[in-house]
Amino acid sequence: MILVTGATGTTGSALLKELHARGAGPLRGLTRQAARAVFPHGVEAVEGDLGSPASLERALDGVRSLFLLSGLGPAADTLEAARRAGVDHVVLVSSITVQTHPHLGPAAANLAVEELLKDTGMAWTVLRPTQFASNTLMWASAVRAHETVEAPYAEVALPTIHPADVASVARVALTEPGHHGRVHAVTGPERVSPRQQVAALAEALGREIPFAEISRERAHARTAAAFGPEAADAVLDLTGGDVNDELLAVRDTVTRVTGAPARTFRQWAEENAPAFR
């Protein structure tokens, strides 16, 4: 049995579809509202909350492989529940920042979860993706309203990854040998800047999207209002204020692990254009 947490999210839902399409299974998806979950036929929807490890007992029953997103709940409790349930292997989605910006708070938090996993005695695989293409959904309301999209560091291009590629690497790690005890840094196939992302979205929608670069100070005020000043500093450093060669590097991990080329941001924009209409 494979249990996918975050099963209704962008990565978890793509992973369930891939596993189902390839006949892996049995499969179980964890969700807070099982009655409302729409999973592929034959995938079991089980209700639970990583924020409440006591709710995971049924979800983990009979599970041998676990897909876990770092940051979804109290990691120590979740991993201990998995160990007690007899889980053999955990595929953890961490972050590239663990190796590119270890001094930042979010990176330290992800590293702590990685270390917790390694200390459990369960087999493990760690995925460290870069910036997700789906982060641009934060512009969707402005695009739908035909307003100007505003972003700092307009020309800083990062190797943005399609969430489905993270899912593809996870699917291989869960179902094929050779990935226990491995750390996979995962990126998209090319670097793409905010200005280029908006251009790709405009092409997918078939209309112009106005774009304006804003200062770090203005962007910080907006981000801090939602996530707090420390998180805002980290986000802005990672999107342009403190980039380095390690963060900017394009890696061939997706192709090496899955045998298929990594998806481009343009492909993500075409697939998700309805969210911006």
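What you see is a predicted model, and the numbers here were worked out from it, not measured in a lab.

What counts and how
- Residues numbered from 1 in each chain as written.
- Predicted model: local features only at pLDDT ≥ 70, side-chain atom pairs only at ≥ 80, totals over all residues.
- Heavy atoms only, no water.
- Helix = DSSP H or I, 4+ residues; strand = E, 2+ residues; numbered from the N terminus.
- Buried < 20%, exposed > 50% of the residue type's maximum accessible area, 1.4 Å probe, protein only.
- Pairing = 2+ DSSP bridges.
- Axes fitted to C-alpha atoms, helices over the stretch in contact; angles between N-to-C directions.
- Contact = heavy atoms within 4.5 Å.
- Expected span 1.5 Å × (residues − 1).

Asker: How should I be thinking about unusual backbone geometry in this particular structure?
Answerer: In most cases, non-glycine residues show a negative phi, while peptide bonds are predominantly trans. Its identity is not glycine, yet H146 carries a phi of approximately 60°, on the positive side. Mapped onto the elements of the fold, H146 is located in the loop between α6 (140-144) and β7 (149-151). Using a relative accessible area of 54% as the deciding quantity, one classes H146 as exposed. With a phi close to 50°, Y153 is a non-glycine residue in the positive phi region. Considering the arrangement of structural elements, one finds Y153 in the loop between β7 and α7 (163-175). Among the residues examined, Y153 registers a relative accessible area of 19% and is labelled buried.

Asker: Help me understand the sheet that holds strand β6 (residues 123-129) in this model?
Answerer: Either a parallel or an antiparallel arrangement is found when strands of a sheet pair, and the pairing is made through backbone hydrogen bonds. Read across the sheet, seven strands follow the order β3-β2-β1-β4-β5-β6-β8 without closing on themselves; strand pairing throughout is parallel. With partners counted over all chains shown, the strands left at the sheet margins are β3 (44-47) and β8 (182-186), one partner each. The average angle at which neighbouring strand axes cross in this sheet is 20°, direction not considered. The strands that α7 touches are β1 (2-4), β4 (65-69), β5 (89-93), β6 and β8; relative to β5, the one it contacts most, it runs at about 165°.

Asker: I would appreciate a short explanation of α7 in the present structure.
Answerer: In an α-helix, one full turn covers 3.6 residues, which means residues spaced three or four apart are oriented alike. Compared with the 18 Å implied by 1.5 Å per residue over 13 residues, the 19 Å span of α7 between its first and last C-alpha is a close match. Where burial is concerned, most of α7 is hidden: 12 out of the 13 residues are buried. Burial in α7 covers these residues: P163, A164, D165, V166, A167, S168, V169, A170, R171, V172, A173 and L174.

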